[in-house]
Each structure stands twice: as structure tokens, then as C-alpha cells.
Amino acid sequence: IVAVENLRKRFDSQVVLDGVSFAASAGEVVSLIGASGSGKSTLLRCLNLLEVPDDGRVLIAGEEIALRTDKRGRRAPVDPRQVDRLRSRLGMVFQNFNLWPHMTVLENLIEVPVRVLRQPRAEAVALAEALLEKVGMADKRQAYPAFLSGGQQQRVAIARALATRPAVMLFDEPTSALDPERVGEVLRVIRQLAEEGCTMLLVTHEMAFAREVSSKVLFLHQGRIEEAGSPEQVFAAPRSERCRQFVNA
Ligand code: ATP
Ligand code: MG
């Protein structure tokens, strides 16, 4: 459902992704682990074109993102409508929730389905309410984000990402901004999605959780996949010495 081939990205002279290739099929949970600065967020951001890759291919649900080099030598998408279409197949959840502060919980969930995807409002509300139920936030549907705890906001952010019925969910350290006592409630929601067969890419520092939910784990080091395999292999018997040090730290 997601495939990345030989992805490269640099910022000025710094090479951040140095030829990354991997694939995730439907129902898989692929976790990305690695030290700070190894390129994990950049990799996710290249999938939804928040960053434009310098080289390589990205395929979402079988469709390749068409990229070209413009007159100034910069890489850009060929067709902005394709970018919108592909983005609507990805549900993104960030570290800092990023809910719209001037909208209630329910409004946060129906905004994109109604205004961008032109779904009938009643349909969008029905799905939003079902999703809020699923993440345990139905009773807060009329609340504004500022009145919610971090864990509650993140559960709403997950429901919002699901509201466009994405093919793939992308999580970038969804629990790292939370108070320790709030981490569990968010991991519980992600675990439930994994059990339901939701395809996801998960950047996380929660090693025990990654080991438990992943079908595949990728260890990134300096913009390359240094180790890839089953959670058992990557956590218990890594071939790479760097990976062994990282997971044991
Ligand atoms: P962390 O675990 O700290 O989130 P990460 O693995 O997600 O790290 P990235 O955020 O992908 O790492 O960053 C990789 C490198 O690219 C870092 O050295 C970072 O400073 C650099 N970088 C990321 N985004 C940009 C940008 N927009 N402009 C310039 N440099 C950037
Ligand atoms: Mg990051």
C-alpha cells in the first residue's frame, strides 16, 4: 500500500535520507526507530509531500507521486491535485496534536470531510461520532481543544486523521509530548487500530510498544535503513552493532 524506492533528501549540504527503500502492505504496522536526527520525521514528511524528495519514488495505494525538477533546479510535484488526492489517503498524527483551536472536537473531525472532500454533513457527523466513540471521546464532542488533556487531544487527533478514511495512518512520535500517565490511553487506541488491521507507519521511541504491535521494524541510522526485520529480529537479535546498541540503550 506504501512503497518507497531509493528515497533521497538533503537540506543544503546535509544528506538526511540517503537512499531509503521499504514497503508496507495492507494491514501491516511498520515502525521506524532510530536516534534523533536519523531522518525518521523527514521520511514520513516525504510520503505526504510536506517535504519533496530529491530523488527516488514514492507510491501510495499503487499510485506514484509524479515529481519533476523545475527551472530553478528544485524538485516539485507535477500535479497539485494529485498531491491532494494522495494526501487524502494518508492520515497524519503529529507529536503536538495540531488540533484547530477555534473549533470544537466535532468540528475538527468534520472540517476536511465536509469542506474539502465535499461529503454530506450528516454523513460526516455520523462517522465523526462513531470515531469519537472508538477513541473514548464521545462525551467531549462539543469541547474546545484547550480544555482537553494532552492524551485526550491526541485521541481526538487520531479520530480526525481517521475521519477521511485514509488507506494508511502515519504517526510521528504520537506519545512523546504527553505526560507519562497519559501515554497509555493513546497507545491503547493505536493498539486497537493495529488489531483491526489498520495499515500504519509509526515513528516511536516506545520500544516495548513497537515490539508488541509491529509487523516490521526499520532502524534508521544517518538517513539509511541500517536494519530491517521482524520485531523479534530487530529487538532480540539485530545483525547491526549500532542497532543492538540503540535498542539496548
Ligand atoms: P527526532 O527523533 O529528533 O525527531 P528524526 O529522526 O525525526 O529526529 P528528522 O527530523 O528527520 O530526524 O531530521 C533529520 C535531520 O534533518 C536533522 O539533522 C535535522 O536537523 C534536519 N532537518 C530536518 N528538517 C529540516 C529542514 N526543514 N531544514 C533543514 N534541516 C532539516
Ligand atoms: Mg522526528
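Details of the structure are given in the entry above.
What you see is a predicted model; the values in this text were computed from it and never measured.

Conventions we followed
Residues numbered from 1 in each chain as written. Chains lettered and ligands numbered in written order. Predicted model: local features only at pLDDT ≥ 70, side-chain atom pairs only at ≥ 80, totals over all residues. Heavy atoms only, no water. Core = buried A, V, L, I, M, F, W, Y, C linked by side-chain atoms within 4.5 Å. Buried < 20%, exposed > 50% of the residue type's maximum accessible area, 1.4 Å probe, protein only. Helix = DSSP H or I, 4+ residues; strand = E, 2+ residues; numbered from the N terminus. Contact = heavy atoms within 4.5 Å. Expected span 1.5 Å × (residues − 1). Near = heavy atom within 4 Å. Polar contact = N/O pair within 3.5 Å; in protein donor to acceptor, adjacent residues only side chain to side chain. Areas by Shrake-Rupley, 256 points an atom, 1.4 Å probe, with all protein chains shown as cover. Axes fitted to C-alpha atoms, helices over the stretch in contact; angles between N-to-C directions. Parallel < 35°, antiparallel > 145°, perpendicular 65-115°, else oblique. Left-handed = near helix turned anticlockwise from the far one by under 90°. Arc of directions from axis to C-beta. Salt bridge = Lys/Arg side-chain N within 4 Å of Asp/Glu carboxyl O.

Draft legend 1. Representation of the nonpolar core. One finds Ile 158, Met 169, Phe 171 and Met 200 to be the most contacted residues of the largest nonpolar core, which totals 40 residues. Broken down by secondary-structure element, the contributors of at least two residues to this core are helix 3 (105–116), helix 4 (121–134), helix 5 (150–162), strand 9 (168–172), helix 6 (180–195), strand 10 (200–203) and helix 7 (207–213). When residues of this core are assigned to their parent elements, the largest contribution, 7 residues, is made by helix 6. The residues touching Met 169, leaving out its near neighbours within four places in the chain, are Gly 91, Val 93, Ile 158, Ala 161, Leu 162, Cys 198, Thr 199, Met 200 and Leu 201.

Draft legend 2. Looking closely at helix 5. Between the first and last C-alpha of helix 5 there are 18 Å, a value that for 13 residues agrees with the 18 Å anticipated at 1.5 Å per step. A large share of helix 5 lies buried, amounting to 12 of its 13 residues. The inward-facing, buried residues of helix 5 contact strand 8 (90–93), helix 3, helix 4, strand 9 and helix 6.

Draft legend 3. Molecular detail of the site of ligand 1. Near ligand 1 lie 14 residues; those nearest to it are Gln 14, Ser 36, Lys 40, Ser 41 and Thr 42. Interatomic distance of 2.8 Å between a backbone N/O atom of Gly 37 and an oxygen atom of ligand 1. One of the side-chain N or O atoms of Thr 42 is found 2.6 Å from an oxygen atom in ligand 1. Protein burial of ligand 1: of its 630 Å² of free accessible surface, 61% is covered by the chains. Among the elements of the structure, strand 2 (14–24) and helix 1 (40–47) are those that each provide at least two residues to the shell around ligand 1.

Draft legend 4. How the structure looks around the packing of helix 3 against helix 5. Contact geometry of helix 3 with helix 5 gives a least axis separation of 8 Å together with a crossing angle of 25°. It follows from the interaxial angle that helix 3 and helix 5 lie roughly parallel. The element helix 3 and its partner helix 5 pack so that their crossing is right-handed. On helix 5, the residues that touch Val 105, Asn 108 and Leu 109 of helix 3 are Val 156, Ala 159 and Arg 160.

Draft legend 5. Highlighting helix 4. Helix length check: helix 4 (14 residues) gives 20 Å between terminal C-alpha atoms against 20 Å at 1.5 Å per residue, within 8%. Burial in helix 4 covers these residues: Ala 124, Val 125, Leu 127, Ala 128, Leu 131 and Leu 132. In an axial view of helix 4, the angular spread of the buried residues amounts to 165°, which keeps them on one side of the axis. The outward face of helix 4, more than 90 degrees from its buried face, is lined by the exposed residues Ala 122 and Glu 133. Among the residues trailing helix 4, Gly 136 stands out with phi positive, at a value near 75°.

Draft legend 6. Main features of the pattern of salt bridges. Applying the stated rule across the entire model yields 17 salt bridges. Across the pair Glu 28 and Lys 216 runs a salt bridge whose closest N-O atoms are separated by 3.8 Å. You can see Glu 28 sitting in the loop between strand 2 and strand 3 (29–34) and its partner Lys 216 sitting in strand 11 (residues 216–221), a full 188 residues away along the chain. With a shortest N-O distance of 2.6 Å, Glu 63 and Arg 85 are connected by a salt bridge. Here Arg 85 lies in helix 2 (residues 80–87) and Glu 63 lies in strand 5 (residues 63–64), a separation of 22 residues in the sequence. Because the salt bridges share partners, they merge into one network encompassing Glu 5, Arg 57 and Glu 64.

Draft legend 7. A look at the side chain of Ser 214. As for its placement among the helices and strands, Ser 214 is situated in the loop between helix 7 and strand 11. Within polar-contact distance, the side chain of Ser 214 engages the side chain of Ser 31 at 2.6 Å. For Ser 214, the side chain forms a polar contact with the main-chain oxygen of Ala 210, separated by 2.5 Å. With near-sequence residues (within four places) excluded, Ser 214 lies in contact with Val 29, Ser 31 and Pro 231.

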